[in-house]
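# Secondary and tertiary structure notes
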Amino acid sequence: MSRIKEFNLPDLGEGLTEGEILAWLVKVGDTIELNQPIVEVETAKAAVEIPAKWGGVVSRIYVEAGTTVEVGAPIVAIDTDPSAGPLPGDGPVPSAESLAAVEIAPAEGAVEPGLIGGPAPGGRTAVLVGYGPKSTTAKRRPRTSSASATAASAPTAPPGAAPVVPPVAPPPPAPVVPAPVVPAPAASPVPAARTSGPVLAKPPVRKLARDLGVDLATITGSGPLGSVTRDDVQQAAAAPASVAAPVVTTASFDTSREQRIPVKGVRKLTAENMVASAFTAPHVTEFLTVDVTRTMKTIEKLKERRDFRDVRISPLLLVAKAVLLAVERHPMVNSSWSAATNEIVVKDYVNLGIAAATERGLIVPNVKDAGRLSLRELAEALNTLVQVAKSGKTPPSDMAGGTLSITNVGVFGVDTGTPILPPGESAILAFGAIRPMPWVHKYKIKIRQVTTLGLSFDHRIIDGELGSKFLRDIGDFLTDPEGTLLAWA
Amino acid sequence: MANGESTAGADAPAGGFVQLLTPDGERVDSATADGVTYSVDFTDDEYRELYRDLVTVRRLDAEATALQRQGELGIWASLLGQEAAQVGSGRAMRPQDMAFPTYREHGVLYTRGIDPIMPFGLFRGVDQGGWDANEHRFNGYTIVIGSQTLHATGYAMGVTMDGKTGTPDGEAVIAYFGDGATSQGEVNEAFVWAGVFHAPMVFFCQNNQYAISEPLERQTRIPLYRRAAGYGFPGVRIDGNDVLASFAVTRAALDNARNGQGPTLIEAYTYRMGAHTSSDDPTRYRIASEVESWKAKDPISRLRAFLTKQQLGDDSFFDEVDESAKTLALSLRERVLSMPDPQPISMFDNVYPHGSAELDLQRSQFADYHASFEGSDH
Ligand SMILES: Cc1ncc(C[n+]2csc(CCOP(=O)(O)OP(=O)(O)O)c2C)c(N)n1
Ligand SMILES: [Mg+2]
């Protein structure tokens, strides 16, 4: 056995593939003991010190600090028997001959990626205790040439597990001429084996098909028992639709396939309002992306309070609070343009509108004099507002007199929008989805809860400076509700 | 017996805990919880042996951590900080008792007189961690959180049905689990079952304050030991870093169980000084000052202080203990490094106790298949 041993970077945490050398704690020529910490390595999971696997003298360091190394690569060589005298060509960097004497022991030193757990769905690897790293692929030894015969009889498919359905023929090629709207039975791509029973497909595949708008019944399954696989669905989605496409082109002239909906009620009102607003108030929209992790924490704290116990608390509540507090600091944003009198009317009450999607369409009921309400009262008022709107019973008085509004488009999963002002109002805030995102927090990249705010305002009244300050204040409050509250009090 | 307050040292959490040895190594004569008084009556040698146990299990654990960092173990779950809870409760068991561990009970395993190499096959990935639970009176390491409490309860019901309880030399069962496990449905089912059927067992919860990164506040609003009241059996909290309290309370609870008095929940209030496992980085979710404050409560230094003050141990004794623990650790290292890799064919070995014709056929087909690869030594 060679006296010089190479230490290869091990898998430090269940299926990791690399690590970064943070710092060497020893240098070439140092005498070290077994288990003495020699190097700090940072992986995706942790920064750890690696203890020396052998005592001896550090004879070579292969990788400098700051370098990222693959698991299994040698990082240091240790002379485990320095008392035996110098090696031929000894020195900090071993010569070619001495390297020949180096025992490369990957099998001993490193846990090969892929051995810890097999690949699991979603490109992850099954592990022992609660983590799921990237999956890796195992390498196979080649078969011997005489193995092909054996392979055929190998127990890969035990009797009984053989597919019940014989392999199906490939689907017929897509027709060159437009197909009839209703495919003739003879042209049906559904394989005979399955016509009698339901289509076999796993739930995630069914969902994929639904998402991609693919009808499972039209696909020839290539999976076990003729089941439809993910690949089948993807192929079907990518292929030019052999039946549907021609139909669509002819149908665009077919008025019998168009629906005509009379414009009335909420839809009519919305349309009129939007046109009136969009073409009278010059809109400007500004955006601000903010870290709302603390807002989410504050919400948790509020939920735990006795006095908030039986009231629903959502991020919207704190957004509303942020808007109300910011209005106090910038009253001018809560105003309206009176063309008739050639005046700007600044209001010292906020009737806070909340855009609500109802079955009848969009309505924007408002909470009257919301600035006077305590947080709990505001929470109750918002809940009632939304519930009543959902039930379709919002009285007209609730919809009149709004001064400033919020539209919570985040509930639909989008980042933000450029909202149009309700007529007579000068600002409206769009509040987007809150998602965990990578974010620079205290100079480190962390996963934080992040959202994007979009503020549209009437540029006749509100200049870029005022609008920006107002939006910034809302953002500041959501970044640190408790601190801001104290600072502004 | 009601769940009540217990006497405790100055470092006790609200509600107190049973403590017989303070962090400074002061021997508190007796401690009370629910009107029951706990004490220990050890000989000088027994005190010294407890110290040796604590030092040895910590040293072996450190060697395992190093082996993982050196690529010789896939993963390791360190017991650092929990030695007293494990050694005290482990030594409290009688030979006929049965333990159901999690993946962290290396100290309990050691006190059962089992060769410490036993679980390393699992962590090195060369076997499935299967051993003869009956022979060792120590069930397999269980990674599926909380499930072993149900296995233990079922086993304890069997003990009762076999008529092995109700006497001073009856059998008792102890199930180990963590603070996080108390949120699992299984653990609560085990509590219900054991309470209703009076199972001869001890639920030993090592509350090390974390379930991976989730702190105790995420598991409970009341101290864990008080949960027992809701299931109708006694709950006692002990200073989990006090090996004497751990021994005394577990001994009493196991004896109650073997005498047919039903289960007890023991909450050993302790701290996981290291990472959850070698795959974890605790600096990402807990602050250094918290770890520092627990260093002052170290289970080993308090017993050492006690032995010194009582003149039961001097430097030469402590050095000798360290030395022999190190020797044991280095021989463990060598034995781990020389564990053979399993042959693929070995997966057929422990399927049926007496084999089966179908399995034999599969085994020979599998052997042929493997022989078909280049470089195969079949
Ligand atoms: C049923 C189940 N869920 C999740 C996990 C992943 N997991 C491994 S350890 C752990 C935390 C256990 O915490 P605790 O019970 O406090 O025991 P400790 O590790 O602190 O000793 C979790 C969630 C698991 N192993 N089993
Ligand atoms: Mg825990």
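Residues numbered from 1 in each chain as written. Chains lettered and ligands numbered in written order. Predicted model: local features only at pLDDT ≥ 70, side-chain atom pairs only at ≥ 80, totals over all residues. Heavy atoms only, no water.

As annotated in an unreviewed UniProt entry, chain B is Pyruvate dehydrogenase (Acetyl-transferring) E1 component subunit alpha from Paractinoplanes lichenicola. Per UniProt, chain B carries the Cofactor (unreviewed entry) text "thiamine diphosphate". (UniProt positions renumbered as here; feature names shortened; annotations may be inferred.)

The name given to chain A in an unreviewed UniProt entry is Dihydrolipoamide acetyltransferase component of pyruvate dehydrogenase complex, with Paractinoplanes lichenicola as the source organism.

A few words now on the packing of aromatic side chains. For any pair of aromatic rings, geometry is given as the distance between the ring centres together with the angle between the planes. Residue and element names in this part refer to chain B. Using the criterion set out here, one finds 32 aromatic pairs over all chains in the structure. When the ring of F42 is compared with that of F247, the centres are 4.9 Å apart and the planes differ by 65°; the resulting orientation is edge-to-face. Of this pair, F42 sits in the loop between strand 2 (36-38) and helix 1 (44-69) while F247 sits in helix 9 (residues 243-258); the two residues are 205 residues apart in sequence, bridging distant segments of the chain. Taken together, the aromatic side chains of F17, Y210, Y269, Y271, Y285 and W294 make up a single cluster linked through ring pairs. We note R237 situated over the ring of Y269; from NZ or CZ to the ring centre the distance is 5.3 Å. Looking at R286, its charged tip hangs above the ring of Y210, at a distance of 5.4 Å from the centre. (Phe/Tyr/Trp six-rings, centres within 6.5 Å; stacked < 30°, edge-to-face > 60°. Helix = DSSP H or I, 4+ residues; strand = E, 2+ residues; numbered from the N terminus. Lys NZ or Arg CZ within 6 Å of the ring centre and 35° of its normal.)

Once that is clear, we can look at the nonpolar core. One finds V18(B), Y51(B), F138(B), I238(B), L244(B), L303(B) and L307(B) to be the most contacted residues of the largest nonpolar core, which totals 71 residues. With residues near it in sequence (within four places) discarded, F138(B) still touches M98(B), A99(B), P101(B), E105(B), V108(B), L109(B), R112(B), I114(B), M118(B), W131(B) and A133(B). Within the second largest apolar cluster, 45 residues are counted, among which are L382(A), I406(A), L453(A) and L471(A). (Core = buried A, V, L, I, M, F, W, Y, C linked by side-chain atoms within 4.5 Å. Buried < 20%, exposed > 50% of the residue type's maximum accessible area, 1.4 Å probe, protein only. Contact = heavy atoms within 4.5 Å.)

Taken together, the 37 residues of chain A in the interface contact 31 residues of chain B. Surface buried jointly by chain A and chain B totals about 2900 Å² across both partners, of which 55% is contributed by carbon and sulfur atoms. At the junction of chain A with chain B, the criterion picks out two salt bridges. Of the charged contacts in the structure, one is a salt bridge between K53(A) and E72(B), with a shortest N-O distance of 2.4 Å. (Buried area = accessible area lost by both parts, 1.4 Å probe. Salt bridge = Lys/Arg side-chain N within 4 Å of Asp/Glu carboxyl O.)

Residue and element names in this part refer to chain B. Look at helix 11 (residues 299-309) against helix 12 (residues 315-337): their axes get within 11 Å of each other, and the N-to-C directions meet at 145°. Between helix 11, through R304, L307 and T308, and helix 12, the contact on the second element is made entirely by D315, F317 and F318. In terms of residue class, the contact of helix 11 with helix 12 is built from three nonpolar, one polar and two charged. (Axes fitted to C-alpha atoms, helices over the stretch in contact; angles between N-to-C directions. Nonpolar A, V, L, I, M, F, W, Y, C, P; charged D, E, K, R; others polar.)

What follows concerns helix 10 (residues 375-391) of chain A. All names here are of chain A. Relative to the 24 Å expected for 17 residues at 1.5 Å per residue, helix 10 spans 24 Å between its end C-alpha atoms, a close match to the ideal helical length. Of the residues making up helix 10, those classed as buried are L378, A379, L382, N383, L385 and A389. The buried residues of helix 10 occupy one face: seen down the axis, they fall within an arc of 160°. Of the residues flanking the end of helix 10, it is G392, one or two places downstream, whose phi is positive at about 80°. (Expected span 1.5 Å × (residues − 1). Arc of directions from axis to C-beta.)

The next point concerns the sheet that holds strand 3 (residues 98-100) of chain B. Residues and elements named next belong to chain B. Strand order across the open sheet formed by five strands is 3-4-5-9-8, with parallel pairing between neighbours. Where the open sheet ends on each side, the last strands, each with one partner, are strand 3 and strand 8 (235-239). The sheet shows a mean angle of 20° between the axes of neighbouring strands, taken without regard to direction. Strand contacts of helix 7 (residues 185-197): strand 4 (173-178), strand 5 (201-207) and strand 9 (264-269), with the helix running at about 150° to strand 5, the strand carrying the most contacts. (Pairing = 2+ DSSP bridges.)

Near ligand 1 lie 16 residues; those nearest to it are Y103(B), R104(B), I143(B), G180(B) and Y210(B). Residues within reach of ligand 1 are spread across chains A and B. Interatomic distance of 3.3 Å between a side-chain N/O atom of H276(B) and an oxygen atom of ligand 1. Expressed as a share of its isolated accessible area of 580 Å², the protein-covered part of ligand 1 is 77%. (Near = heavy atom within 4 Å. Polar contact = N/O pair within 3.5 Å; in protein donor to acceptor, adjacent residues only side chain to side chain. Areas by Shrake-Rupley, 256 points an atom, 1.4 Å probe, with all protein chains shown as cover.)

So, on to empty space enclosed by the protein. All names here are of chain B. By the definition in use, this model includes two cavities of 30 Å³ or more. Each pocket or cavity is described by its volume, and for the largest cavity that value is around 110 Å³. For the lining of the largest cavity, the elements supplying multiple residues, two or more each, are helix 1 and helix 3 (106-111). Examining the composition of the lining of the largest cavity, we find that four residues originate from one element, helix 3, more than from any other. Broken down by class, the residue content of the lining of the largest cavity amounts to ten nonpolar, two polar and one charged. Volume-wise, the second largest cavity comes out at about 40 Å³. The residue inventory of the lining of the second largest cavity, partitioned by class, reads three nonpolar, one polar and four charged. (1 Å grid on protein atoms, 1.4 Å probe; cavity = no way out; pocket = protein on both sides within 12 Å on 5 of 7 lines; lining within 4 Å. Points joined across faces, edges and corners; volume = space filled by probe spheres on them.)

So, on to unusual backbone geometry. All names here are of chain B. The backbone of R137 shows a phi angle near 55°, a positive value even though the residue is not glycine. Turning to its location among the elements, R137 is positioned in the loop between helix 5 (133-136) and helix 6 (147-161). Phi is positive for Q311, close to 60°, though the residue is something other than glycine. Mapped onto the elements, Q311 comes out in the loop between helix 11 and helix 12.

Moving on to the pattern of salt bridges. Residue and element names in this part refer to chain B. Here the structure, examined in full by the defined rule, presents 40 salt bridges over all chains. Here R52 ties to E49 by a salt bridge, and the two come within 3.5 Å at their closest N and O atoms. A residue pair is termed a helical-turn pair when its members lie 3 or 4 positions apart in one helix, as R52 and E49 do in helix 1 at three residues. We note a salt bridge from R333 to E63, for which the minimum N-O separation is 2.6 Å. On the criterion of sequence distance, the pair formed by R333 in helix 12 and E63 in helix 1 is long-range, its members being 270 residues apart. The buried category is assigned to E63, whose relative accessible area is 0%.

Turning next to a positive patch on the surface. Together, K297(A), K442(A), K444(A) and K446(A) make up a region of like positive charge exposed at the surface. Looking at where K297(A) falls in the secondary structure, it is placed in helix 8 (residues 293-304). (Patch = residues over 30% accessible without salt bridge, like charges linked within 9 Å, V, L, I, M, F, W, Y side chains within 5 Å. Lys, Arg positive; Asp, Glu negative; His and termini not counted. Charge placed at Lys NZ, Arg CZ, Asp CG, Glu CD.)

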